[in-house]
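# Close look at the chain arrangement
Here is what each chain is made of, one letter per residue.
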Amino acid sequence: MEVYSHIRTPIILFVVIFAALTSLALGCKVGFYQATCPRAESIVQSVVKSAIRSNPTYAPGILRLFFHDCFVNGCDASVLLDGSTSEQTASTNSHLRGFEVISTAKARVETECPGVVSCADILALAARDSVVKTGLPRWEVPTGRRDGLVSRAEDALKLPGSRDSAEVQIEKFAAKGLNIEELVTLVGGHTIGTSACARFVHRLYNYSNTNAPDPHIDQAFLPHLQTLCPEHGDRTIRVDLDTGSVNNFDTSYYENLRKGRGVLESDTKLWTHHITQNLVQQFISVGRPNQLTFSKKFARAMVKLSQVEVKTGNEGEIRRVCNRIN
């Protein structure tokens, strides 16, 4: 009996902790709109699927939009607000896309259930649906967030940057309650999408004022990047972040890091840092078990990310349109 009790206690603790992670505090839960707007999730899914079918770049765009929203004052759709000094005007957000997809989903949900579903929840659902559309199994998204009332460009300085060291990334994620494994897992979202040359061209020609490229770039891969991004060329040109698998949500991104084919400096730093390298390594082995491990960990990390500084209850509001407060 004593042995049984010893085993049962940690099991009960695990169940309690897991339940807390999948049901947000202060009112967020899976199926929050079941009684008030039962078709909300299916409407958002339909809009997202249609958008990605017509333009696959919407998938990574919406995922990045969600990430940039949650990292700045929590998952409250503040990144969707227009304004001369809003988050959208920050240089780190200049490349964001997918706003029109969220606006379309919101308009359709409003037609069905006026004033019920928040833009923050629509963005969280759309991010999940974007990832699912590109290859990962579906997971449940707790809902019940409310929309923020403030959006300031200066707050976007909290976002991880494309030149951040592993240490700085670890600090920024920790500030949001996310651990190192969740950092490495969530950055795996770079398996889909592209980056502008401006974000990494400094690595290709005069890295750290050495008059030479970043030595961590695979020498066979370097000419490919230099061809796409000439030293004095158009820095708005987009380059795949996961070479050879840009539209598939898989673990090839991590294999590219191992090979020295990470495009962003911040991504490469995850392989050259001893602590994060060990975590990258867990996703590298080829095969279905490895992909399933990544899928499960990514879903869990996304649920946890979606809990960052959420507004619920009487906080914030439910916007009628996503780009401005009521």
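Please read these numbers as outputs of a predicted model, since none were measured by experiment. (Residues numbered from 1 in each chain as written. Predicted model: local features only at pLDDT ≥ 70, side-chain atom pairs only at ≥ 80, totals over all residues. Heavy atoms only, no water.)

## What about the layout of surface pockets?
The line we're drawing: Computed over the protein atoms alone on a 1 Å grid, cavities are sets of points where a 1.4 Å probe fits but cannot get out and pockets are open sets with protein on both sides within 12 Å along at least five of seven lines; a residue lines them when it has an atom within 4 Å of a point. Grid points are joined across faces, edges and corners, and a volume is the space filled by probe spheres set on the points. Segments assigned H or I by DSSP are reported as helices when at least four residues long, segments assigned E as strands when at least two residues long, and all are numbered from the N terminus. Throughout this entry, Asp, Glu, Lys and Arg are counted as charged residues, while Ala, Val, Leu, Ile, Met, Phe, Trp, Tyr, Cys and Pro are counted as nonpolar. The remaining residues, Gly among them, count as polar. Boundaries between domains were set according to an automatic or database domain assignment.
Put simply, the largest pocket is a space of about 580 Å³. Along its surface, the largest pocket is lined by 29 residues, and Arg 64, His 68, Pro 160, His 190 and Leu 264 are the ones closest to its centre. When residues of the lining of the largest pocket are traced back to their parent elements, those giving at least two are helix H3 (58-70), helix H6 (166-174), helix H7 (180-187), strand E1 (194-196), helix H10 (265-272) and helix H12 (288-305). Grouping the constituent residues of the lining of the largest pocket by class yields 13 nonpolar, twelve polar and four charged. Residues from two domains meet in the lining of the largest pocket; each of domain 1 (39-159) and domain 2 (166-304) gives at least three.

## Here we look at empty space enclosed by the protein
With the rule as written, the count across this model stands at one cavity of 30 Å³ or more. Roughly 60 Å³ of volume is contained in the largest cavity. Together, Phe 66, Ala 124, Ala 127, Arg 128, Trp 139, Val 141, Met 302, Val 303 and Ser 306 line the largest cavity. Here the lining of the largest cavity takes three residues from helix H5 (residues 119-133), the largest share from any one element.

## Notes on the packing of helix H4 (residues 99-112) against H5
The packing of two helices is summarised by the inter-axis angle and the distance between the axes. How we decide: Lines fitted to C-alpha atoms define the axes, with helix axes restricted to the stretch in contact, and inter-axis angles between N-to-C directions lie between 0 and 180 degrees. Angle categories are assigned with fixed cut-offs, so that under 35 degrees is roughly parallel, over 145 is roughly antiparallel, 65 to 115 is roughly perpendicular, and the rest are oblique. Crossing chirality is assigned from the near helix's rotation relative to the far helix, an anticlockwise turn below a right angle marking it left-handed and a clockwise turn marking it right-handed. By the convention used here, residues are in contact when the closest approach between their heavy atoms is within 4.5 Å.
Interaxial distance between H4 and H5 falls to 10 Å at its minimum, and their mutual angle equals 120 degrees. On the basis of their axis angle, the class for H4 and H5 is oblique. The interaxial crossing formed by H4 with H5 has right-handed handedness. Contacts between H4 and H5 pair Ile 102, Ala 105, Lys 106 and Val 109 from the former with Cys 119, Ile 122, Leu 123 and Ala 126 from the latter.

## Observations regarding unusual backbone geometry
Negative phi is the rule for most residues except glycine; trans is the rule for most peptide bonds. Heads up, the rule is: Only protein chains enter the accessibility calculation, which uses a 1.4 Å probe; a residue whose area is less than 20% of its type maximum is buried, one above 50% is exposed, and one in between is partly exposed.
Its identity is not glycine, yet Ala 77 carries a phi of approximately 60 degrees, on the positive side. Topologically, Ala 77 is positioned in the loop between H3 and H4. On the accessibility criterion, Ala 77 (0% relative accessible area) is buried. Positive phi is not limited to glycine here, since Glu 309 has a value of about 50 degrees. By the element assignment, Glu 309 lies in the segment after H12. Residue Glu 309 is classed as partly exposed on the basis of its relative accessible area, which comes to 40%.

## Some points on the UniProt feature "binding site: Ca(2+) 1" (unreviewed entry) in the protein
The condition that has to hold: UniProt positions are given in the numbering used here, feature names are shortened, and annotations may be inferred rather than shown by experiment.
Taken from the UniProt record, the annotation "binding site: Ca(2+) 1" (unreviewed entry) applies to Asp 69, Val 72, Gly 74, Asp 76, Ser 78 and Glu 87. Sequence-wise these annotated residues cover 19 residues; spatially they are packed, their C-alpha atoms never more than 12.6 Å apart. Looking at where Val 72 falls in the secondary structure, it is placed in the loop between H3 and H4. Beyond its immediate sequence surroundings of up to four residues, Val 72 is in contact with Ser 78, Glu 87, Asp 155, Ala 156 and Leu 159.

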